[in-house]
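Each chain is listed here by its residues.
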Amino acid sequence: MSKKEKGAPLNPHLRFRAAARPASAGDLFAALRGGERHRRALGQAITLLESTQADDRQLADELIDLLEASPPAKPTFRLGISGTPGVGKSTFIECFGLAVAEAGHRLAVLAIDPSSSLSGGSILGDKTRMEELTRHPNVFIRPSPTGGHLGGVGANSRAAILCCEAAGYDYIIVETVGVGQAEWQVHGMTDAFLLLAQPAAGDELQSIKRGILELADHIAVNKADALPEAAKQTALELRRGLHLAPARVDEWTVRVTTISALTGEGVTELLEQLSNYADKMRQAGWLRQRRANQRITWLRERCERELLADLDAFLRERERTTDGLQRILDEHISLSAATNVILAEFKQRNKTTLL
């Protein structure tokens, strides 16, 4: 086979060609900030953030530094959305997103899909369920995997938000993988957290109360068109549950509304409520304080992730060069003693590396 044949695409009729790796973070940042190809640059930037290659990680860190040093001049709003499986998140985001775009905003949607614990892969099918929204000229949709990251979001979702804002998108939606005890993290990277509930949820409603009800800034009960009475009853139960939540320092009163993402009922009103929330929190300084606290949390997360990566590499090296972790377990009576030996060796190695 000739060199030309080796380099030929699998489908010679395919017009799309993958963009070349950016020469520098500065070039990618400049492409994000201007030009007609900002969408392609935005896709490249998020792909770079998700990469685990060492060269890409360094370039991604340089890009993040540039993004933080040059925040957008126009105020932006970050909305996290979560809900139980089957609540209709994709249908809602398409209906709500179209309303956001028609209101004059440029919308970016970061849809997070769970990654397989075996293969590490993700289906990334959210975009196919938002056909009309995908075609809107002022909307950018990016499905991303969690990559095994806990909290219902991806490990690089925070940086992806900055990329979207740099590209001129002033309304950012982060859709989580589902509702549960770990969904608190999307609350820690957005300006508002919208919880979607479904009528006649039974035990699922109880799990929402125990888990994330107190984190919600707004609650919407979907599918009010199909089950209007059940939707009203669920909204009533959620309002009762809110009375058990601790008092909010920002003195915001969480509202519970009924909507239908299928017919659009109540969606425009919900958008107005969120706009009112953004205005009040921005004027009172709470959004600025919330983002400052989130930046501290991001710092902690990055430190923890780097430490865990170093520890994982150390354990893999031990398994490759010795009899593995089983030998340490065989040499010590308890699991805690074996753990202490491994961590002591890990700390000693890091200390030697620093010296």
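Here, the structure is the one placed above.
Because the structure is predicted, anything quoted here is derived from the model rather than measured. (Residues numbered from 1 in each chain as written. Predicted model: local features only at pLDDT ≥ 70, side-chain atom pairs only at ≥ 80, totals over all residues. Heavy atoms only, no water.)

Caption draft 1: Looking closely at the layout of surface pockets. Of the voids in this model, the second largest pocket is the one considered here, and its volume is about 680 Å³. For the second largest pocket, the lining is made up of 28 residues, of which His 187, Glu 214, Arg 248, Val 249 and Asp 250 are closest to its centre. Across the lining of the second largest pocket, the residue classes tally to 14 nonpolar, eight polar and six charged. (1 Å grid on protein atoms, 1.4 Å probe; cavity = no way out; pocket = protein on both sides within 12 Å on 5 of 7 lines; lining within 4 Å. Points joined across faces, edges and corners; volume = space filled by probe spheres on them. Nonpolar A, V, L, I, M, F, W, Y, C, P; charged D, E, K, R; others polar.)

Caption draft 2: Representation of the nonpolar core in the model. Counting 82 residues, the largest nonpolar core has Leu 63, Leu 79, Phe 92, Phe 96 and Tyr 171 as the members making the most contacts within it. Discounting residues that sit within four places of it in the chain, Phe 96 has contacts with Leu 79, Tyr 171, Ile 173, Val 267, Leu 271 and Leu 274. In this structure, Ile 328, Ala 338, Ile 342 and Phe 346 belong to the second largest nonpolar core, which totals five residues. (Core = buried A, V, L, I, M, F, W, Y, C linked by side-chain atoms within 4.5 Å. Buried < 20%, exposed > 50% of the residue type's maximum accessible area, 1.4 Å probe, protein only. Contact = heavy atoms within 4.5 Å.)

Caption draft 3: Summary view of helix H12 (residues 286–321). Here H12 spans 52 Å end to end across 36 residues, near enough to the 52 Å set by a 1.5 Å rise per residue. Leu 287, Arg 290, Gln 294, Trp 298, Glu 301, Phe 314 and Arg 318 are the residues of H12 that are buried. (Helix = DSSP H or I, 4+ residues; strand = E, 2+ residues; numbered from the N terminus. Expected span 1.5 Å × (residues − 1).)

Caption draft 4: The arrangement of helix H11 (residues 267–284) in detail. With 18 residues, H11 ought to run about 26 Å at 1.5 Å a step, and its terminal C-alpha atoms sit 26 Å apart, in line with that. Of the residues trailing H11, Gly 285 is marked for its positive phi of about 85 degrees.

Caption draft 5: Representation of the environment of Ala 261 in the model. Among the secondary structure elements, Ala 261 is positioned in the loop between strand S7 (255–258) and H11. With relative accessibility at 6%, the residue Ala 261 sits in the buried group. Residues Ala 261 and Asp 225, spaced 36 residues apart in sequence, show a C-alpha to C-alpha distance of 8.8 Å.

Caption draft 6: Quick peek at the packing of helix H2 (residues 25–33) against helix H3 (residues 38–50). Between H2 and H3, the least distance of the axes is 8 Å, while the angle of their chain directions is 135 degrees. Here H2 is positioned oblique relative to H3, judged by the angle of their axes. Judged by the twist between their axes, the crossing of H2 over H3 is left-handed. Across from Leu 28, Ala 31 and Leu 32 in H2, the residues of H3 making contact are His 38, Ala 41, Leu 42, Gln 44, Ala 45 and Leu 48. Of the residues contributing to the contact of H2 with H3, the split by class is seven nonpolar, two polar and no charged. (Axes fitted to C-alpha atoms, helices over the stretch in contact; angles between N-to-C directions. Parallel < 35°, antiparallel > 145°, perpendicular 65-115°, else oblique. Left-handed = near helix turned anticlockwise from the far one by under 90°.)

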